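Analysis of the macromolecular model
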Amino acid sequence: MPEGDAHVTPDSALNRRSFLARSAAITAVPAATILAGGALAQPASADVLPDYAPIPPSALGPALNAQGYFVGRVRRNLYWVTDGTYQAAFLTTRDGVVLFDAPPTIGNNLQRAIDQIAASTRVSNRVTHIVYSHYHADHVGASSLFGRGVVRVGHVETKRLLARDNDAVPLPDVTFETRRTLRVGGERIDLAWHGANHSPDNILIHLPDHDTLMLVDINLPGWAPYDSFNVNEDVPGSIAAAATAMSYRWRHFIGGHMGRLGTRDDMVVYQQYVSDLIDGVKEAVVAVDPTPFFTRYGNNSWAAVQTYQAAQLDYAAAPVIEKYTGVLAAVDVYTASTAFMLLESVRLDQGFGSQIHP
Ligand SMILES: [Zn+2]
């Protein structure tokens with residue numbers, strides 16, 4: 001990607017907030033590559049690009065069709081759609097279709113997937129409702145494709161943030177603050193907001209009659225979190241969200257990302273990965289001696305801090321990468337950047353390692 005914008009590493013710690021403000025979390029890499037065409041027209045020579053561990057087959061989902069999507073049944077009349085990187089879901093009812101998220105990377109394939117299922121199950125293909133998981137454009141940016149006659153449902157903060165930041169996504173017509181049960185065509189959808197996590201407005205979508213939970217951008221089943229712990233804005237809230245998710249009754253998990261659905265076992269692995277990495281950064285705070293870095297860089301405090309933290313991140317990440325290679329895809333790509341977010345959270349949110357000058 002151009003200008004290193006998508007990489008929040010320790011040396012760009014100060015850019016983190018502006019990055020979050022400017023960028024929808026979890027950028028669609030293929031789309032970004034297309035948009036960046038000119039900048040990527042002279043790629044670095046392939047022989048200087050790093051090698052990474054192979055992707056475990058367990059991380060991959062079903063093959064996409066010729067149009068670039070897969071649609072499958074989750075349970076009964078609940079379906080999911082993926083382009084291999086992003087996911088949406090939809091519920092067919094006797095009164096029309098409820099769509100959950102509208103990622104622009106799937107775009108017009110959303111209606112194609114709905115048409116395909118509606119034709120084969122002889123139900124209406126008309127989308128009547130769209131539920132927004134959160135305001136990020138990479139998950140709701142194709143909502144406008146469904147026109148004005150659709151009831152859009154989202155958290156009050158989703159409406160506020162979309163109104164503030166994004167002219168292209170229709171605002172929710174129906175909002176809620178903590179809980180809302182939608183009943184459409186005899187089907188039940190429970191929406192709940194348990195506090196800020198990945199974004200201030202990210203909600204839990206529970207379909208109790210379909211044994212399914214949708215929680216986007218927290219656990220991406222089979223994969224390590226995306227850069228910088230999924231660019232989660234509230235790290236403690238994001239960690240708590242996984243535990244909250246586990247307190248619900250479900251068997252099928254829709255994480256909003258990558259090529260397959262998740263299970264409760266996937267959530268356990270994710271929680272263990274995060275827990276191991278937190279243990280690692282806490283050990284690193286104690287174990288890595290800052291003296292050589294400050295001695296080497298003198299009055300260049302940022303150079304000292306950057307190299308010191310890089311050593312802490314390496315200390316924390318190395319054993320976690322080793323433990324989860326072959327278990328979670330791409331741990332060798334993004335574990336260090338997630339360790340940085342967790343290091344900052346234990347330092348800033350928890351005050352871990354903080355010392356008051358005597
Ligand atoms: Zn997001």
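Let me sum up the structure you'll find in this document. (Residues numbered from 1 in each chain as written. Predicted model: local features only at pLDDT ≥ 70, side-chain atom pairs only at ≥ 80, totals over all residues. Heavy atoms only, no water.)

Side note on helix H7 (residues 235-246)
Filter applied, for reference: Numbering of helices and strands runs from the N terminus; a helix is a DSSP stretch of H or I covering at least four residues, while a strand is a stretch of E covering at least two. An expected span of 1.5 Å times one less than the residue number is assigned to each helix. The buried label goes to any residue with under 20% of its type's maximum accessible area, the exposed label to any with over 50%, and the partly exposed label to all in between, with areas taken from a 1.4 Å probe on protein chains only. It only takes one pair of heavy atoms within 4.5 Å for two residues to be counted as in contact. The term polar contact refers here to a pair of N or O atoms within 3.5 Å; inside protein, the definition further demands a hydrogen-donor-capable atom paired with an acceptor-capable atom, and it admits residues adjacent in sequence only when both atoms are side-chain atoms.
Along its twelve residues, H7 runs 18 Å from first to last C-alpha, staying within 8% of the 16 Å computed at 1.5 Å per residue. Within H7, burial applies to Val 235, Gly 237, Ser 238, Ala 241, Ala 242, Thr 244 and Ala 245. Taken together, the buried residues of H7 touch strand S10 (204-207), strand S11 (212-214), helix H6 (227-231), helix H8 (264-287) and helix H11 (331-348). For H7, the side-chain oxygen to backbone nitrogen distance between the N-cap and Gly 237 is 2.7 Å, and the N-cap itself is Asp 234.

Quick word on the packing of aromatic side chains
How we decide: Aromatic pairing here means that ring centres of Phe, Tyr or Trp (its six-membered ring) are within 6.5 Å. Orientation follows from the plane angle: under 30 degrees is stacked, over 60 is edge-to-face, and everything else is tilted.
Counting across every chain of the model gives seven aromatic pairs. Seen in terms of ring centroids, Phe 293 and Tyr 308 are 5.9 Å apart; in terms of plane orientation they differ by 40°. Their pairing is tilted. With Phe 293 in helix H9 (residues 291-297) and Tyr 308 in helix H10 (residues 301-324), this residue pair connects regions lying 15 residues apart in the sequence. The interplanar angle of 65° and the centroid separation of 6.4 Å between the aromatic rings of Phe 294 and Tyr 308 together place this pair among those described as edge-to-face. Of this pair, Phe 294 sits in helix H9 while Tyr 308 sits in helix H10, and the two are 14 residues apart along the sequence. Residue class for Tyr 308 comes out buried when judged on its relative accessible area of 16%.

Side note on the pairing of S10
Stated formally: Here, a strand pair is defined by DSSP locating no fewer than two bridges between the strands.
Because side chains alternate across S10, one face comprises the buried residues Leu 204 and His 206, and the other comprises Ile 205 and Leu 207, equally buried. Relative to S10, strand S9 (residues 187-192) is paired through three bridges, and the arrangement is antiparallel. Looking across to S10, one finds that Asp 190 is bridged to His 206. Where S10 meets S11, three bridges bridge the pair, whose relative direction is antiparallel.

None of this, on its own, says anything about what the molecule does.
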